[in-house]
Amino acid sequence: VLVGSLRAASVNRQLAETAVAVAPEGADVIVFDGLGEVPFYNEDIDVAGSIPAVEALRDAAGRADALLLLTPEYNGTIPAVLKNAIDWISRPYGTGAVKDKPVAVISASPSGNGAQWAHEDTRKAVRIAGGKVLEDVTLANLRARNHPMVCMNTAARRAGVAAHFRNIKLLGTTSGKGLVDIQ
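Residues numbered from 1 in each chain as written. Predicted model: local features only at pLDDT ≥ 70, side-chain atom pairs only at ≥ 80, totals over all residues. Heavy atoms only, no water.

1. Considering the overall build of the protein
Next up, step 1: When helices and strands are tallied, the protein shows five helices and seven strands.
Next up, step 2: Reading the protein from its N end, one meets helices and strands in the order β-α-α-β-α-β-α-β-β-α-β-β.
Next up, step 3: Among the 183 residues that make up the protein, the fraction classed as buried is 49%.
Next up, step 4: Total accessible area on the protein stands at roughly 8800 Å², and carbon and sulfur atoms take up 52% of it. (Helix = DSSP H or I, 4+ residues; strand = E, 2+ residues; numbered from the N terminus. Buried < 20%, exposed > 50% of the residue type's maximum accessible area, 1.4 Å probe, protein only. Areas by Shrake-Rupley, 256 points an atom, 1.4 Å probe, with all protein chains shown as cover.)

2. Considerations on helix α2 (residues 52-63)
Next up, step 1: In this model, α2 (12 residues) spans 16 Å end to end at C-alpha, consistent with the 16 Å of a helix rising 1.5 Å per residue.
Next up, step 2: For α2, the full list of buried residues reads Ala 53, Val 54, Leu 57, Arg 58 and Ala 61. Projected down its long axis, α2 carries its buried residues within an arc of 130°, all on one side. Summarising the geometry of α2, the exposed residues directed more than 90 degrees from the buried face are Pro 52 and Arg 63.
Next up, step 3: In this structure, the buried side of α2 is in contact with β1 (2-3), β2 (67-71) and α3 (80-89). (Expected span 1.5 Å × (residues − 1). Arc of directions from axis to C-beta. Contact = heavy atoms within 4.5 Å.)

3. Side note on the packing of α2 against α3
Next up, step 1: Interaxial distance between α2 and α3 falls to 10 Å at its minimum, and their mutual angle equals 75°. As far as their axial angle goes, α3 and α2 are roughly perpendicular. Side by side, α2 and α3 meet where Val 54, Leu 57, Arg 58 and Ala 61 of the first sit next to Ala 85, Trp 88 and Ile 89 of the second. (Axes fitted to C-alpha atoms, helices over the stretch in contact; angles between N-to-C directions. Parallel < 35°, antiparallel > 145°, perpendicular 65-115°, else oblique.)

4. Considerations on the packing of α3 against helix α4 (residues 116-129)
Next up, step 1: It is at 10 Å that the axes of α3 and α4 come closest, and there the two elements cross at 10°. The orientation of α3 relative to α4 falls into the category roughly parallel. Two packed elements cross with a definite hand, and for α3 against α4 that hand is right-handed. Contacts between α3 and α4 involve Leu 82, Lys 83 and Ile 86 on the former and, on the latter, Thr 122, Ala 125, Val 126 and Ala 129.
Next up, step 2: In terms of residue class, the contact of α3 with α4 is built from five nonpolar, one polar and one charged. (Left-handed = near helix turned anticlockwise from the far one by under 90°. Nonpolar A, V, L, I, M, F, W, Y, C, P; charged D, E, K, R; others polar.)

5. Comments concerning α3
Next up, step 1: Burial runs high along α3: eight of the 10 residues are buried.
Next up, step 2: For α3, the complete set of buried residues consists of Val 81, Leu 82, Asn 84, Ala 85, Ile 86, Asp 87, Trp 88 and Ile 89.
Next up, step 3: Turning to α3, the residues buried within the fold contact β1, α2, β2 and α4.

6. A closer look at the pairing of β2
Next up, step 1: Across the five residues of β2, five count as buried, placing the element largely inside the fold.
Next up, step 2: On β2, burial covers both faces: Leu 67, Leu 69 and Thr 71 on one face and Leu 68 and Leu 70 on the other are all buried.
Next up, step 3: Note that β1 and β2 share two bridges and pair parallel. Bridge pairing links Leu 2 to Leu 69 in β2. (Pairing = 2+ DSSP bridges.)

7. Topic: the pattern of salt bridges
Next up, step 1: Tallied over the full model, the rule gives six salt bridges.
Next up, step 2: When the shortest N-O distance is used, the salt bridge between Lys 83 and Asp 87 registers 2.5 Å. With Lys 83 and Asp 87 both in helix α3 and four residues apart, this pair spans about one turn of that helix.
Next up, step 3: Several salt bridges converge on common partners, so that one network encompasses Lys 99, Asp 100 and Lys 132. (Salt bridge = Lys/Arg side-chain N within 4 Å of Asp/Glu carboxyl O.)

8. Side note on the side chain of Arg 58
Next up, step 1: When you line up the elements, Arg 58 lands in helix α2.
Next up, step 2: Look at Arg 58 and you get buried, because its relative accessible area is 16%.
Next up, step 3: Aside from chain neighbours lying at most four places away, what touches Arg 58 is Tyr 41, Asp 46, Trp 88, Ile 89, Arg 91 and Ala 97.

9. Thoughts on the pairing of strand β3 (residues 102-108)
Next up, step 1: The element β3 is largely enclosed, with a buried count of six among its seven residues.
Next up, step 2: You can see the chain leave β2, run along α3 and come back into β3, and the turn it takes is right-handed. (Right-handed = clockwise from strand over helix to strand, strands pointing away.)

Treat this as a map of the structure, not an account of what it does.
In structure tokens form, the structure reads like this:
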């Protein structure tokens, strides 16, 4: 699980932690906590083994059967920390850790937009990087106006199931109640 917010109490961090807590038995859902240590992508410094934080990210992504990306929306798009992680795991081009890997994206924001633009941009970036974005899994437009855990618990239970690639669509939350359609 890659979280696009470095803030300890962010809605997306809380959703990630809840997804870990409600993961189905036998599923290992692990949040990668080192994104703040990963430098901005620069091909000049992209030398195997030279940056421990990058090696840890690539190793974690490479070992995962699938990736779950959680993103807030900053100024109408993906936070730099998440886009940077996508850039690092997409390299070397054509063989990076994200290549052909199933990827689900969850966006959450207290804004009226619910991070929908960041959701779309994250899916686009992952698809271009070589990941197989799960088209039938949409957990977006999450608006947490109250305490994040009020509506996140339902979404995170669904995120745990989404990691198993069932057809789930979170239609939205408005006042703490998730509208979830499992097809």
